[in-house]
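Letter by letter, the chains look like this.
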Amino acid sequence: MKLEEKLKELEEILGKLENEEIPLEEAISLFQKAVNLYKECQRDFGEMKMKVIDVMKELENEPSS
């Protein structure tokens, strides 16, 4: 699943938890899913950050024209 899809699903889950009256067991299940998605997003952001850092290092090491 792409990061954008994870973020959208996380947003939808949080909306349900905030705005809908749902049974406690369902709320707990949604909360657990939201926590897992959050962790995945953090991991994905970390990987993207490292890629950007690598690109920036490559640019710094290129000789000027």
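These numbers were taken from a predicted model, which means no experiment stands behind them.

Caption draft 1: Spotlight on the environment of Leu17. Position of Leu17 relative to the elements: it lies in helix H1 (residues 3–19). By relative accessible area, Leu17 is classed as partly exposed at 28%. In this structure the C-alpha to C-alpha distance between Leu17 and Gln42, which are 25 residues apart in sequence, comes to 21 Å. Residues contacting Leu17, with those up to four places away along its chain left out, are Ile22, Ala27, Leu30 and Phe31.

Caption draft 2: Expanded view of H1. In this model H1 runs 24 Å from its N-terminal to its C-terminal C-alpha over 17 residues, within 8% of the 24 Å that 1.5 Å per residue would give. Packing partners of the buried residues in H1 comprise helix H2 (24–61).

Caption draft 3: Representation of the side chain of Lys6. Structurally, Lys6 is set in helix H1. Those residues in contact with Lys6 that lie beyond four places of it in its chain are Met1, Leu37, Glu40, Cys41, Arg43 and Asp44.

Caption draft 4: Summary view of the packing of H1 against H2. Running from N to C, H1 and H2 point in directions that differ by 150 degrees, and their axes come no closer than 9 Å. Here H1 is positioned roughly antiparallel relative to H2, judged by the angle of their axes. Between H1 and H2 lies a crossing of left-handed hand.

Caption draft 5: Examining the environment of Ile28 more closely. Positionally, Ile28 belongs in helix H2. By relative accessible area, which is 43% here, Ile28 ends up partly exposed. With eleven residues separating them along the chain, Ile28 and Leu17 place their C-alpha atoms 9.3 Å apart.

Caption draft 6: Focus on H2. The terminal C-alpha atoms of H2, which comprises 38 residues, lie 55 Å apart, in line with the 56 Å expected from a rise of 1.5 Å per residue. All of the buried residues in H2 are Ala27, Leu30, Ala34, Leu37, Cys41 and Asp44. On the buried face of H2, the contacting elements are H1.

Basis of the calculations
- Residues numbered from 1 in each chain as written.
- Predicted model: local features only at pLDDT ≥ 70, side-chain atom pairs only at ≥ 80, totals over all residues.
- Heavy atoms only, no water.
- Helix = DSSP H or I, 4+ residues; strand = E, 2+ residues; numbered from the N terminus.
- Buried < 20%, exposed > 50% of the residue type's maximum accessible area, 1.4 Å probe, protein only.
- Contact = heavy atoms within 4.5 Å.
- Expected span 1.5 Å × (residues − 1).
- Axes fitted to C-alpha atoms, helices over the stretch in contact; angles between N-to-C directions.
- Parallel < 35°, antiparallel > 145°, perpendicular 65-115°, else oblique.
- Left-handed = near helix turned anticlockwise from the far one by under 90°.

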